[in-house]
Structures are given as structure tokens and as C-alpha cells.
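# Coordinates in review
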Amino acid sequence: MKTYLGIDVGSVTTKFAVLDENNELVTNIYLPTQGKPIEMVQQGLKQIKQQLSNGADICGVATTGSARYLAGVIVGADLVKNEITSQAVAALQYIPQVQTVIEIGGQDSKIIIIRDGIVTDFGMNTVCAAGTGSFLDHQALRLNMNIEELSRRALDSQTPVRIAGRCTVFAESDMVHKQQMGHRTEDILYGLCQALVRNYLNNVGMGKDIQPPIVFQGGVAFNQAIVKALREELNNEIIVPPHHEVMGAIGAALLVHEEMVNSQNGSKFKGFEVSEIKYHTSSFECKACPNLCEIAQLSINGQVLAQWGGRCDLWERSQSR
Amino acid sequence: MIRIGIPRALLYYQYYPMWKTFFQELGAEVVLSSPTTQTMLSSGASRVVADTCLPVKVFCGHVLSLVKECDYIFIPAIRSVQRRVYNCAKFLGLPDMTKAVIPESPPILDIDIDVNKGKRVLYQAIYKLGRHFTWDPLKVRRASIAAWQAHLNYRELMSSHSLTPPQAIEKMLGSSEVEPKTHSSHSTSTQGTIAIIGHPYLLYDEHINHRLIHRLEQAGNKVLTPEMLTTEELESAIVKLVGRAYWTYEEEVVGAGGHYLESRIGGVIGIMAFGCGPDSLMMDVVRRQAARLNTTPFMSLTLEEHTAEAGVVTRLEAFLDMIYRRKRKQVEVCV
């Protein structure tokens, strides 16, 4: 069986998806990145190897997400693609009439506007991560509950309170204030979900023409309270596709499938053995000019595999290899 | 010989050939600061008040790098170059602000350019600047005519030969003025044509825009910029979109944006500085026009000193993908 592997290495979670030749999902894996992208890619590959039957042959690998270049070097990717294109392609595969894709992940959030099957506009959050999964995680932690409990209890809210969601710092002080005033925890939690949705729509969604069908992807789509808040705010049905949390990886796999069929080349995939290799990462300050760029390098047994992080091409030679 | 320092920032990109000619005609030597580096940006940012915009922080960094290199620093206060058109307050107060935040600076040569006050006042201002070098008013007059001619040549070179300001400056004044271009490997196949719009101090400062033009060219695109358009083209786009310009240099954003959105190219990218009031108003005009026309993809990028390279790269990649996939779909439909 010919299969295609998509790897999405995000800031908070690492996702894997394997598709067969008919673009059906064979298997998928969802792991916390825990600040160790290389180890997680290796661990994910190990798990995939166990799950795939012996006849399965990886005919193409694509990486996406914020660590896409790093992951690409490690696995020998045939395609390195940005998250926006990957998410859009995956959404179109499952809901071909989709006009709006809302994607909220751990540290970033995106909106993609699609018309007649092509992306016409997109937006991404800037440096601020208010309105993403980490924001909710942080608040859940502060209230000493896990994120599932937050989601469940928020749905029990009768009269949600208004929380300022522009900034996590303000949201937190607002929540503390509402607690001390004696509001119910459930109402505060749902107020927080509404604040996140408002913040998302005002920042990322500003000026975008949001039309149904609206698809909601990314890890935060697990949270039913957020889905409800989005539905209320947009006054439209919100479609959460079955594998919403691995859509980026699915999109990458779809794209590499297309690429491999077009190019007729063999895959550059280094095989599942890469999960056993010991990678070494280090960094140094380049002294070639006053910019003093921090160059990160990836090596095996002292042999440099890739270097990047510079403002010029001086160190990035290995990437083009 | 008197050495005049000129910071390679802000209005340098618009007027450098003119300024250099003027001072050279008057027998002075011009010292240009080197291209922006991280050290300059950090040193500039550490001097100004917190809410100052990125281009002004860069400017102060350039001034600091010139402190021991010259006898005077030339910092004009450009109030208005067209009647009833206004400039940002940070440009109006540039000489005074620099004096306040960089007290160790060599004496600042400033000149008030305000065409609202009439030609007479303008000529007096030029003469006052020239008096630092000569008492002969005719010599100042000759220098200013030569400077103006250099400026016209510069503009003509950019619009008729489709050159960017750094390329035109290199052509006019020799290669020592611009940083050496490491990339000569222009891709042979042109994927598409992308126009970038915004102020030159954002478009051509490779440090603060993370080598935007280079990245676009590497991906096989032909890059168009506001300076490649004629004054008439820019003005007619402004008339169409906003009637008449309110801000000085509005043509670089609204004029170029309006023109390129209707010129059947792959896409338009607007570059603006975080915290810039005029930019946020002007870019919104372009964004609305892009939505109204709905023919040419448009994206705006906001730059500040915390802008991560990854953010710029991801957006650029996604924008280019969007254009290629759209093009491919159109081809499929035609076949």
C-alpha cells in the first residue's frame, strides 16, 4: 500500500497523519511538543511504524508548522509547507464548499477565507497569543482544573459574565475581580470563552468576510464551550471536522501526495530509522558582521546537517542540499 | 574639508542624490552611515521614548553611528512638499528630537522645508543652509540647481528603468554607496509579479524587513515598487481613491497601491510600521479597495523590532501559495 505522511510540528503539539492513495486517513498521532520538537518527531515516527502494517510504504513526507524546516531536515521531507496552505487544503478535502476556516492552535490562530475552492485571503495573529489555546490553558491552571473540566463547566453557565479578553493580563485581573464579587465559576469560565472568541474575531478576523460554511480546526476545537461561543458570536453553524486537531498534518500529506504524483520522483524520506539517531543541536553567534546573528545548528556525530537563523545566506547552505 | 553626516534612514531613500550633490557642490564631503544593523537598531531604540515608531528608532541608531565620523549631521525638517499636504509630526520635529535624545551629536544642520509658506521662504531656507559653507549666494544657488537636477535624474532613472532606490543610487553615484548585493542568481523563470507598497525606509531597509525583496525574488517573482511609477500614475490613483492626498508621501501607499491593484499583476503586499498613525489610515484605504475590486490578492505586513523572521516568512509563503494555486485553478478552468 502506498502511503503519504504529513507531520505538523507546532509550538504546543506535534501531529502526524498517514494517508493512503485514496487520501483516506490510515492513522494519526497527536503528541505534546513539550519544547522538544526533535524528540517528538522521533517518538511519533516510532509509533507510526508500530501502527502501520508491513505492506505500507511511505511514498512521500511533508512537514508543516512552526518547526517545519527543522522537522524537514530530520525526516528528509519531500515538501516543506506553511501552515496556512496545509490547513486550507485539508479543510477543502473534507468540506469542499467551505468558505471560512477558523484555526485556533496552542500559540497561534489563523483565519482563511476560501471562495470557489481557492484561498482568497488569510490572517494570522501577531506576537500576541491572547485568544489561543495557551491562554485558556493558563487560566485553567490558575483555577486548578484541567482544560476538559473548564470546557465542561463553562457549558453549564446560565448568565455569563463579561471578561476583558484583549490581553491575558487584563483578563486575569478581571476574572479575579469577578470571583471576589461572588460570581459563579461556570459563568466566569464561559465569559472567558466568549472573551477569547471576541478577541480572535477582532484581531485575526478583523476586516475578513466570514461566510458559511465555517469550519473550525485546531486543538482548541475540542473545547465545546468555545464552539458554542463562536456559534453565538457569528450566528452561524460551526462545523468541527472529525480529525480537526490533525488537519495541518493531513493537509501536508495531501500536498505531498499531489507533489509526488506530479514530479514522479522517489521520496527523500530517510526511513523510520531516524527515530534511533542521536541528534545534537547547538548554536553560536556569527561574528561576520555587526548583526551578530544567532545561528542554530543540527548535527549527527559532529557532522553538521543544517544551520539557520542568519540574516544572510552565509550559513544556510545545507538547507538547499 | 567639512564632513557632513547623512543617516541612511527615513528620507535618505527619497533624497540622497539631491542632498549629496548640494553638499558636494559647496565643497563638503558627505559621510553616509552603513546599512542598518542590529547594533544600530538597539542603540537607537534605547534612546527614544517608548512609543516612537520603528523607523525613527532606526534613524537614531544611524545618527549614533555617525557621531564620531563627521563634523555636522544633516537632518532636514520636512513639513510639506506639496500645498495643503501634511507630514507626520515625527518628521517635523526630527532635528529637535534628535538633539534632545542624542546630546553628544555633532551640530545638526537643519532646514525647514515648507512649500505652504511660498517660494521666497523656501529659497531663504536653502540660502541659510548654504551659508554654513559660503557667503556667496550665487554659489548656493548653483548648488541648489545642481541638486534639484540630480533629484529629477534620480526619479527619472527609477521610473523609466524600473529601478529601486538602492539600485538607482548605485547607478548614479557608484557602487560604494550601497551594500554589495550577494544575490546575483536571479531565477530565470518568472513565477509571477508582486508589487510591494509602502515607504522606502521600510521597503529597502533589509534589516527591518527581513530581506523581503530578496525573498520574493528567490521565489522567482518579479518585484515592482512605488518608485517605478511616474508621478502622473501615482497621482491619478490617489485622485481615484481619496480625491486628494492629505499626508506627505501618501503616493507611496495609496497611489502605488491603487495603481498596482488594477494593473493585472499577481499580488500586492503593503508594508507598514507598527505604531504609525498615517500608515494605518492609508493602508486601510488600499485594503478596502482590494476588497472592493476583488481581483488582485492583497496582504499587509506590519514591521516592528520584535517582528520575528518566521512570521514574515510564513505569511509570504502562504501569500505566494495563494497566488500560484489561484493561477493554476484558473488555467485548469480554461483548459
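Residues numbered from 1 in each chain as written. Chains lettered and ligands numbered in written order. Predicted model: local features only at pLDDT ≥ 70, side-chain atom pairs only at ≥ 80, totals over all residues. Heavy atoms only, no water.

A word on the overall build of chain A. Helix and strand counts for chain A come out as nine helices and 13 strands. Against the compact-globule benchmark of 20 Å for 321 residues, chain A has a radius of gyration of 21 Å, which places it among compact chains. Dimensions of chain A, computed from the C-alpha atoms along their principal axes, are close to 60 × 50 × 35 Å. The buried share among the 321 residues of chain A stands at 53%. If you take every contact in chain A between residues at least 6 apart in sequence, the share linking residues at least 24 apart comes to 61%. Accessible surface, chain A: about 14,400 Å² in total, of which carbon and sulfur atoms supply 48%. Within chain A, one finds 27 positive and 33 negative side-chain charges whose respective centroids are separated by 5 Å. (Helix = DSSP H or I, 4+ residues; strand = E, 2+ residues; numbered from the N terminus. Rg over C-alpha atoms; globule rule 2.2 N^0.38 Å. Buried < 20%, exposed > 50% of the residue type's maximum accessible area, 1.4 Å probe, protein only. Contact = heavy atoms within 4.5 Å. Areas by Shrake-Rupley, 256 points an atom, 1.4 Å probe, with all protein chains shown as cover. Lys, Arg positive; Asp, Glu negative; His and termini not counted. Charge placed at Lys NZ, Arg CZ, Asp CG, Glu CD.)

Residue and element names in this part refer to chain A. Spatially, the five strands line up as an open sheet ordered β8-β7-β6-β9-β10, and their pairing is mixed. Strands with a single pairing partner mark the edges of an open sheet, and in this sheet they are β8 (118-124) and β10 (238-239). Of the pairings in the sheet, the one linking strand β7 (residues 109-115) to β8 comprises six bridges and is antiparallel in character. Bridge pairing in β8 places Lys110 opposite Met124. Most of the contacts of helix α7 (residues 185-203) go to strand β6 (residues 100-104), to which it runs at about 125 degrees, and overall it touches β6 and β7. (Pairing = 2+ DSSP bridges. Axes fitted to C-alpha atoms, helices over the stretch in contact; angles between N-to-C directions.)

Take the environment of Asp112 of chain B next. All names here are of chain B. Along the chain, Asp112 falls in strand β6 (residues 112-114). Sequence separation of Asp112 and Ser144 is 32 residues, and the distance between their C-alpha atoms is 15 Å. Contact partners of Asp112, with chain neighbours within four places excluded, come to Ala77, Arg79 and Ala125. A distance of 3.0 Å separates the side chain of Asp112 from the side chain of Arg79, its partner in a polar contact. (Polar contact = N/O pair within 3.5 Å; in protein donor to acceptor, adjacent residues only side chain to side chain.)

The predicted model of chain B averages 89 in pLDDT, with 95% of residues at 70 or higher. In the model, residues 180-188 of chain B has pLDDT below 50 throughout and makes eight contacts with residues more than four positions away in sequence or in other chains. (pLDDT = per-residue confidence, 0-100.)

Our next topic: unusual backbone geometry. Cis geometry is adopted by the peptide bond preceding Pro213 of chain A, which originates at Pro212 of chain A and carries an omega value of -5 degrees. Examined against the element boundaries, Pro213 of chain A turns out to sit in the loop between α7 and β9 (214-217). With a phi angle near 60 degrees, Asn235 of chain A is a residue other than glycine that sits in the positive phi range. Take Asn235 of chain A: it is sitting in the loop between α8 (224-234) and β10. One non-glycine residue, Arg211 of chain B, lies in the positive phi region at around 50 degrees.

Let's shift gears to the nonpolar core. Among the nonpolar cores identified, the biggest contains 94 residues, and Phe22, Phe23, Phe74, Leu216 and Ile269 of chain B are the most heavily contacted of them. For this core, the leading source of residues is helix α1 (residues 12-25) of chain B, giving eight residues. Once residues lying within four places of it in the same chain are set aside, the contact partners of Phe74 of chain B are Ile4, Gly5, Ile6, Pro7, Trp19, Phe23, Leu109, Ile111 and Leu129 of chain B. One finds Ile111, Ala171, Leu230 and Ile238 of chain A within the second-largest nonpolar core, a separate group that totals 36 residues. (Core = buried A, V, L, I, M, F, W, Y, C linked by side-chain atoms within 4.5 Å.)

Our next topic: the domain arrangement of chain B. Residue and element names in this part refer to chain B. Domain boundaries in chain B define domain 1 (3-159) and domain 2 (183-334). Measuring from the centre of the C-alpha atoms in domain 1 to the corresponding centre in domain 2 gives 27 Å. On the side of domain 2, 27 residues touch domain 1, which itself brings 31 residues to the contact. Overall, the association of domain 1 and domain 2 removes approximately 2,300 Å² of surface from exposure, summing both partners, and the carbon and sulfur fraction of that is 59%. It is Tyr13, Leu54 and Tyr86 in domain 1 that bury the most area against domain 2; as a group they hold 24% of the surface buried on that side. The tally of links from domain 1 across to domain 2 stands at one salt bridge. (Domains from an automatic or database assignment. Buried area = accessible area lost by both parts, 1.4 Å probe. Salt bridge = Lys/Arg side-chain N within 4 Å of Asp/Glu carboxyl O.)

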